Amino acid sequence: MKKYKIVLLSGDGIGPEISEVSKKVLKKLSKYHNFDIEIIEELFGGIAYEKYGSPAPDKTLDQCKKSDAVLLACVGDIKYDSLARELRPESGLLKLRSALNLFANIRPVKIRKSLLDSSTLKKEIVEHVDLIVVRELIGGIYFGKPRGHITDTKIPKAFNTMVYDSAEIERITEIAIKIANQRNKKICSVDKSNVLEVSQLWRDTVLNITSKDKNISLSNMYVDNAAMQLVRDPGQFDVILTSNLFGDILSDLAAMLTGSIGMLPSASLNNDGPGVFEPVHGSAPDIAGKNIANPIAMLLSASMMLKIGLNEEEAAENLETAIDKVLSKGFRTADLADGFSEVLSCSEIGDKIMDEI
Ligand code: NAD
């Protein structure tokens, strides 16, 4: 029997509620598909800061490095916003991504037929949406140096640096090519090369690497146009390849095409070693502790973990089919309520999904 060791980071806010559902589902899938899954729970985010004075304690990072995969819920709360930047939960995320060298963030955005009416956009605009955002995750402006505040000026000043070298762009482009080759072989690279030197290097490097694969059709788009096109005609996209900052913004925009940010999973990967699988959403402090969060983004992240991280394709398929069945029977969490469906709590919809596995 295959044995896997995964680390579960429940984090903050709605994290523990959606993690509870994921744990139960993974245990059931492991029995059904005949593999053993050891789930090691570690503190991460605000809760880790409370206990250890760091949002990403060494013990947590060590366990993650030794695991087969990491399943992360979400971190953050307004109460940590006044802490020094390196102590905030969000800095823990950056530290984890750096520690595991997770340079590629993969965010699939696919409309589930039963949720066509949940999008804020018209049905005919979203019905063919099936795209993947491939975002560079450990470079660009979030990590660029120098950064900081300038205090010896008359008025406060602060600055960050958007920087990439061609090797960083090459490796994320290779990932986009690999994914595009499993799909429609279309890559749209998004940048701001009409204004930024770093984007010009991005564009030149992406062209150089993709031109070596004759199967790939490459297009380029400025980020402002990409934001507009994602709302105007999202069905035109297949694989969107972009940098850290632009990917952060565009993937949240793309998330809303599906109806709720509570539906979107992601995977953060490197070329070897464990990946981190996590929902796109944050800790949703406004609904934390109410048992009303949508656990499906985390379940779909668990599905990506099964498929990409553990090679348990059948278990992943089983889980996705179970989710689709529950949604098509008209069960929803509050974020997807449409006035017709039956609204269930986080744990109740989790139980319905368990029943379909
Ligand atoms: P958010 O994603 O937490 O919430 C935005 C809105 O979406 C809220 O109204 C929330 O209730 C709703 N929402 C989010 N997930 C949901 C779910 N599963 N089910 C139902 N509704 C859901 O974003 P925010 O409010 O900007 O940030 C809250 C905190 O989360 C902040 O501290 C932020 O820094 C942090 N954050 C963490 C991550 C992460 O852990 N990867 C990502 C983004 C934001």
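Computed from a prediction, not measured in an experiment: that's the story for all the values here. (Residues numbered from 1 in each chain as written. Predicted model: local features only at pLDDT ≥ 70, side-chain atom pairs only at ≥ 80, totals over all residues. Heavy atoms only, no water.)

**Regarding the overall build of the protein chain**
Secondary structure assignment for the protein chain yields 12 helices and 14 strands. The C-alpha radius of gyration computed for the protein chain amounts to 20 Å, which stays within 12% of the reference 21 Å derived for 357 residues, consistent with globular compactness. Taking the principal axes of its C-alpha atoms as reference, the protein chain extends roughly 55 × 50 × 45 Å. Of all 357 residues assigned to the protein chain, the portion counted as buried reaches 53%. When contacts within the protein chain are restricted to residue pairs at least 6 apart in sequence, long-range pairs at least 24 apart make up 74% of them. Looking at the protein chain as shown, the accessible area adds up to about 16,200 Å², and 51% of this sits on carbon and sulfur atoms. Taking the average location of the 44 positive side-chain charges in the protein chain and that of its 50 negative ones, the two points are 1 Å from each other. (Helix = DSSP H or I, 4+ residues; strand = E, 2+ residues; numbered from the N terminus. Rg over C-alpha atoms; globule rule 2.2 N^0.38 Å. Buried < 20%, exposed > 50% of the residue type's maximum accessible area, 1.4 Å probe, protein only. Contact = heavy atoms within 4.5 Å. Areas by Shrake-Rupley, 256 points an atom, 1.4 Å probe, with all protein chains shown as cover. Lys, Arg positive; Asp, Glu negative; His and termini not counted. Charge placed at Lys NZ, Arg CZ, Asp CG, Glu CD.)

**Some words on the site of the ligand**
The local shell around the ligand holds 20 residues, among which Val 75, Glu 90, Gly 282, Ala 284 and Asp 286 are the closest. Glu 278 has a polar side-chain atom sitting 3.4 Å from a nitrogen atom of the ligand. Relative to its free-state accessible area of 810 Å², the ligand is covered by the protein chains to the extent of 68%. Here the residues of the shell around the ligand sort into 9 nonpolar, 6 polar and 5 charged. (Near = heavy atom within 4 Å. Polar contact = N/O pair within 3.5 Å; in protein donor to acceptor, adjacent residues only side chain to side chain. Nonpolar A, V, L, I, M, F, W, Y, C, P; charged D, E, K, R; others polar.)

**Description of the sheet that holds strand E11 (residues 265-269)**
Strand order in this open sheet of 10 strands is E2-E1-E3-E12-E11-E4-E5-E10-E8-E9, and the pairing throughout is mixed. Both outer strands of the open sheet, strand E2 (35-42) and strand E9 (217-222), are each paired with one neighbouring strand and no more. In this sheet, neighbouring strand axes are inclined to one another by 25 degrees on average, regardless of whether the strands run parallel or antiparallel. Along the sheet, helix H7 (residues 197-210) makes contact with strand E5 (130-136), strand E8 (186-191), E9 and strand E10 (239-242), crossing E8 at roughly 165 degrees. (Pairing = 2+ DSSP bridges. Axes fitted to C-alpha atoms, helices over the stretch in contact; angles between N-to-C directions.)

**A word on the domain arrangement of the protein chain**
What the domain assignment lists for the protein chain is domain 1 (1-105 + 275-357) and domain 2 (120-258). For domain 1 and domain 2, the distance between their C-alpha centroids amounts to 25 Å. For the domain 1 face of the interface with domain 2, the top three residues by lost area are Arg 97, Phe 103 and Asn 105, together amounting to 55%. Inspection of the region where domain 1 meets domain 2 yields 0 salt bridges. Linking domain 1 to domain 2 there are 2 residue pairs in polar contact (both at pLDDT 80 or more). The element contributing the most residues to the side of domain 1 that touches domain 2 is helix H4 (residues 89-99), with 3 residues. When grouped by side-chain class, the residues that make up the side of domain 1 that touches domain 2 number 5 nonpolar, 3 polar and 2 charged. (Domains from an automatic or database assignment. Buried area = accessible area lost by both parts, 1.4 Å probe. Salt bridge = Lys/Arg side-chain N within 4 Å of Asp/Glu carboxyl O.)

**Topic: the pairing of strand E3 (residues 69-74)**
The element E3 is extensively covered by neighbouring structure, given that 6 of its 6 residues are classed as buried. Here strand E1 (residues 2-11) runs beside E3; their pairing, made up of 5 bridges, is parallel. Pairing of Gly 11 across the sheet is with Cys 74, part of E3.

**Some thoughts on unusual backbone geometry**
Residue Lys 145 is joined to Pro 146 through a cis peptide bond whose omega torsion reads 5 degrees. Here Pro 146 shows up in the loop between E5 and strand E6 (148-150). Here Lys 185, not a glycine, exhibits a phi torsion of approximately 65 degrees, which is positive. Structurally, Lys 185 can be placed in the loop between helix H6 (166-181) and E8. On the basis of relative accessibility, which here comes to 30%, the residue Lys 185 falls in the partly exposed class.

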